[in-house]
Amino acid sequence: MQPVETVNSPAKKNTIQKIFESLVDYGLISLLILAPLFMGGRHPLGELIYVSLIGLVAVCWIAGQCVTRQATYTVSGAEWLIAGGLILIGLQIVPVSAAFLDAVSPGIASMLPMWQDSAGSEFAPWNTVSVAPHETMSGLTIFAAYGLLFTVLIQRLKSIDDIEWLLRWICFAAIVMAAIGVVQFLAGNGLFLWIYEHPFRSSSSSAMGSFSNRNHFAHILALGAGSLIWILWHCSRDQTGKNTSGWGRGSLESTTQQFAFPLACLSAAVAAIAVMLSLSRGGLIAFAVATLCCTIMYFRRSLIGRGAFAGIAGLALMVSAGAFVYGTDGLERRLSTFTEAESLGDLSLGREQIWETVWRAVPDFIGLGSGVGTHRYVYPRYITGNQLVEYSHAENGYLQVLLETGVAGLSLLTLGILTCMWWCFRAWRRSPSQAHAACVAAVTPGILASLLHSTGDFVWYIPACMTLTVFLIAIARQLNRLAVRPDQPRTVALPRFVWCGSTVALCAVVVLMVQIQIPGANASYNWDQFQKISLSSGNAVIGNEPETFDERIECLQKVIAADPCCAKAHLNLASLLRLKFDAEQSQSDIPMPLAQIRDAARSSPFPSRADLDNWLSRILADRKTFLDQSLDEARVAVSLCPLQGEAYIFMAELNFLRESNRDHELALIDQALRTRPEAPPVLVSAGREALLAGDNETGLAHFRKVFTLGGTYQRLVIQALGRQDADFFFEQFSFDTPSLQTLRNHYA
């Protein structure tokens, strides 16, 4: 295999090759237009769609090379970055030695004392960098899909005509999404795309298109802002390629151009209105920065003239008219947070808390991170205060990359950003023509918008947004190549047997990638149903709506049947089974609460374990099944992710069902405190055990911490200390009107 430094001369293509090339093009178009309709890819089904489509595109491209007479591979120069990312994520999920793990994740040993070699507990030593390997495996497939997409795009985009073809489709995709967002907001029924009911979002609150988050809807329009301006410029050119239209310094001549240019202006106006209706502050800033950057770049190359300013003024007038018709109150309220903010916390709308939390977590996983996709499991260990809101992401792409992939991942990200910026800079500086410069000005602002918006959101973790970003980066790379080496692309000629073998290997890899994503997609419907029911009846873990227990338990059982490695489903099921036992036990002939049953089992001198089991069977009857299942689910939950502290509490509370080992129960509670030191259920259980051990100061400190959270948590504390008289509560806790009512109801 020798590098080939020759011009890619168009050879005569056979029919099969043309079919494969058409399939590649259709696949790329589908990624831009159809795939984002599945909730922007954030939904598990959407992730499956993206991985499947990208895999199909890659297989079609490489299969096409098998039937090409002189097939070559174009070297992008970014292969080492992609390989480095794959190796890094791969290292997170393979077993490693304890010494290696301690070196790259120094906080793991103190965080998981029961999972160490010397612990002598029921848990095998934890030996992966990722604290949730199943989640990281899913992240690996998505990253691999992005790598495949970038590689295929580099092979597909050979000339400026290819790039302009792709820019047209990017522009069209942005227009379609903007139109969906505006129409759905103004004439929607609260459902996404008029058919999908999101568990906790309504499409009528703001313009969101097919995204569950308005920031991500606005972001994808910001990514397409450059292509919208490019299409305005392109529609104004005459067929000779000279800029003689009203966009520049002449006038529109052809009938087609006379219709195309106003239509392009209208499309850009719809996109701008859609961003405004999204009420996304970050999205609006990203869109404005991308638009301004693109306009400046066009002005610098004299690609716009007086006609352009007239068009921009008309566009601004249309946007203003649209905003006036709809009303600007919502947008003004959102933007007022900029002018009225007195601190970073006010400006970031609560993001400062999660940023500080993630920053505190970073040193414990400094080397290779906690594992891609593990943020939701890691941050609760470090956050303080009310935890009713779950942060699925870090609200900052750079921080989340640092947490989940460590210094190694952040270094690769930095090198990738610098490489991309170098491509854009060199392509712009050495641009050989107006058409080339216009394309550079179309993609660079979108990349900058992605880098900017990621400082306050997690747009890199949304497949639709990241896929479009990959498109822009690939275009930037090819524009750099066309500027520097227009007639001598770096290619490598490979024999046909290599292409055929690579096709077989890639097919196997793609099938594996799809198989990894299928369980989550199959489980997504029942998980959505579980969330809907939970939100209508209270929090899934601490809710007290017995009439929905069976329905929620059934949903979770179906989730686990479809996706046995879903750690959060196992934990929620363990909790619900525990709550169902409490509800039915309170209505039984012997309504002893679990705490009393456990105390009796510990203190009563049963002759043997069999006698204790017989007594438990009489007291608990069929309800014992709920406790046994809860204990089993808790054990599975921590085996999938050992940072789920609540599961250790369930195991400690139910340990008496299997053995009488007080030391083991205390070790489990200590393990829970090390993984979830601020979680209310953990603190309540730890406080109860401390009081039983005679450590009143520690026990009451735990209870006071929970009591300050108010609401349901105060009820948990009062129930846990229910044997105390009212004077005790007044001496140890500070009450307000709602908490006084809770205490009154307890003694009523």
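All of these numbers come straight from a predicted model, not from anything done at the bench.

On to the overall build of the protein. Along its length, the protein carries 32 helices and 3 strands. Scored against the burial criterion, the 748 residues of the protein give a buried share of 53%. Partitioning the intrachain contacts of the protein with sequence separation of at least 6 by distance along the chain shows that 74% fall at a separation of at least 24. As displayed, the protein offers around 32,100 Å² of accessible surface, 61% of which is attributable to carbon and sulfur atoms.

Assignment of secondary structure puts R723 in the loop between helix 30 (712-720) and helix 31 (726-732). Accessibility expressed as a relative area gives 66% for R723, which makes it exposed. Once residues lying within four places of it in the same chain are set aside, the contact partners of R723 are Q596 and D599.

We now examine the packing of aromatic side chains. Enumeration according to the criterion identifies 14 aromatic pairs in this entry. On the basis of an interplanar angle of 85 degrees and a centroid distance of 5.6 Å, the ring pair of W61 and W499 is categorised as edge-to-face. Of the two residues, W61 sits in helix 2 (residues 44-66) while W499 sits in helix 20 (residues 496-537), which places them 438 residues apart along the sequence. The class for W499 is buried, based on a relative accessible area of 4%.

Before going further, it helps to spend a moment on the pattern of salt bridges. Under the defined criterion, the tally for this structure stands at 21 salt bridges. Among the salt bridges present, the one from R351 reaches E395, with a minimum N-O distance of 3.3 Å. Residue R351 is found in helix 15 (residues 351-361), and its partner E395 is found in the loop between helix 16 (375-378) and helix 17 (397-429); the two are separated by 44 residues along the sequence. Under the relative-accessibility criterion, R351 is labelled buried at 17%. Among the ionic pairs, D628 bridges to K624, the shortest N-O distance being 3.1 Å. Highlighted residues: D628 and K624, both in helix 25 (residues 624-640), separated by 4 residues, approximately one helical turn. Taking relative accessible area as the criterion, K624 reaches 16% and is therefore assigned buried. Residues joined by salt bridges that share partners form a network here, namely R578, D582, E653 and R688.

In this section: helix 1 (residues 15-33). Taking 1.5 Å as the rise per residue, helix 1 with 19 residues should run 27 Å; its terminal C-alpha atoms sit 27 Å apart, in good agreement. Turning to helix 1, its buried residues number three or more, namely Q17, V24, D25, G27, L28, I29, S30, L31, L32 and I33. If you follow the buried residues of helix 1, they end up packed against helix 2, helix 6 (133-156), helix 7 (160-187) and helix 19 (463-484).

We now examine the packing of helix 1 against helix 7. Packed helix pairs are specified by the crossing angle of their axes together with the interaxial distance, meaning the distance between the axes. Interhelical geometry of helix 1 versus helix 7 gives an angle of 30 degrees and a closest axis separation of 9 Å. With respect to each other, helix 1 and helix 7 are oriented roughly parallel. Classified by chirality, the crossing of helix 7 by helix 1 is right-handed. Together, D25, I29, L32 and I33 of helix 1 and W165, L166, W169, I170, F172 and A173 of helix 7 make up the contact between the two elements.

Moving on: unusual backbone geometry. Its identity is not glycine, yet L193 carries a phi of approximately 55 degrees, on the positive side. With respect to the helices and strands, the residue L193 is situated in the loop between helix 7 and helix 8 (214-223). Owing to a relative accessible area of 22%, L193 belongs among the partly exposed residues under this scheme. Phi angles above zero are rare outside glycine, and E395 is one such case at about 60 degrees.

With that settled, the discussion passes to the confidence of the model for the protein. Of the residues in the protein, 87% have a pLDDT of 70 or more, and the chain-wide mean is 85. Put simply, strand 1 (residues 3-4) is where the protein has its lowest mean pLDDT, 42, and helix 6 is where it has its highest, 97. Here residues 335-347 is modelled with pLDDT under 50, and outside its nearest four sequence neighbours on either side it reaches 14 contacts, counting other chains as well.

The next subject is the nonpolar core. Counting residues in each nonpolar core, the largest one holds 121 residues, and the members touching the most others are L167, I170, L221, W230, Y298, F471 and I475. Those residues in contact with Y298, other than ones at most four positions away along the chain, are I229, W230, W233, L303, I304, A438 and A441. The next biggest cluster of nonpolar side chains, apart from the first, holds 84 residues, and it includes V129, A394, L643 and Y648.

The terminal C-alpha atoms of helix 17 lie 29 Å apart, and with 33 residues this falls more than 12% below the ideal 48 Å at 1.5 Å per residue. Along helix 17, the helix axis deviates most sharply at T405, where the bend reaches about 130 degrees. Capping of helix 17 at its N-terminal end is provided by N396; its side-chain oxygen lies 3.0 Å from the backbone amide nitrogen of Y398.

The next subject is the packing of helix 26 (residues 645-654) against helix 27 (residues 662-675). Close contact between helix 26 and helix 27 brings their axes to 8 Å; oriented N to C, the two are set at 165 degrees. It follows from the interaxial angle that helix 26 and helix 27 lie roughly antiparallel. Relative to helix 27, the crossing made by helix 26 is left-handed. Contacts between helix 26 and helix 27 pair G645, Y648, I649, M651 and A652 from the former with E665, L668, I669, Q671, A672 and T675 from the latter. Its residues assigned to classes, the contact of helix 26 with helix 27 shows 7 nonpolar, 3 polar and 1 charged.

Scoring rules and cut-offs
- Residues numbered from 1 in each chain as written.
- Predicted model: local features only at pLDDT ≥ 70, side-chain atom pairs only at ≥ 80, totals over all residues.
- Heavy atoms only, no water.
- Helix = DSSP H or I, 4+ residues; strand = E, 2+ residues; numbered from the N terminus.
- Buried < 20%, exposed > 50% of the residue type's maximum accessible area, 1.4 Å probe, protein only.
- Contact = heavy atoms within 4.5 Å.
- Areas by Shrake-Rupley, 256 points an atom, 1.4 Å probe, with all protein chains shown as cover.
- Phe/Tyr/Trp six-rings, centres within 6.5 Å; stacked < 30°, edge-to-face > 60°.
- Salt bridge = Lys/Arg side-chain N within 4 Å of Asp/Glu carboxyl O.
- Expected span 1.5 Å × (residues − 1).
- Axes fitted to C-alpha atoms, helices over the stretch in contact; angles between N-to-C directions.
- Parallel < 35°, antiparallel > 145°, perpendicular 65-115°, else oblique.
- Left-handed = near helix turned anticlockwise from the far one by under 90°.
- pLDDT = per-residue confidence, 0-100.
- Core = buried A, V, L, I, M, F, W, Y, C linked by side-chain atoms within 4.5 Å.
- Bend = angle between axes of the 7 residues up to and from the residue.
- Polar contact = N/O pair within 3.5 Å; in protein donor to acceptor, adjacent residues only side chain to side chain.
- Nonpolar A, V, L, I, M, F, W, Y, C, P; charged D, E, K, R; others polar.

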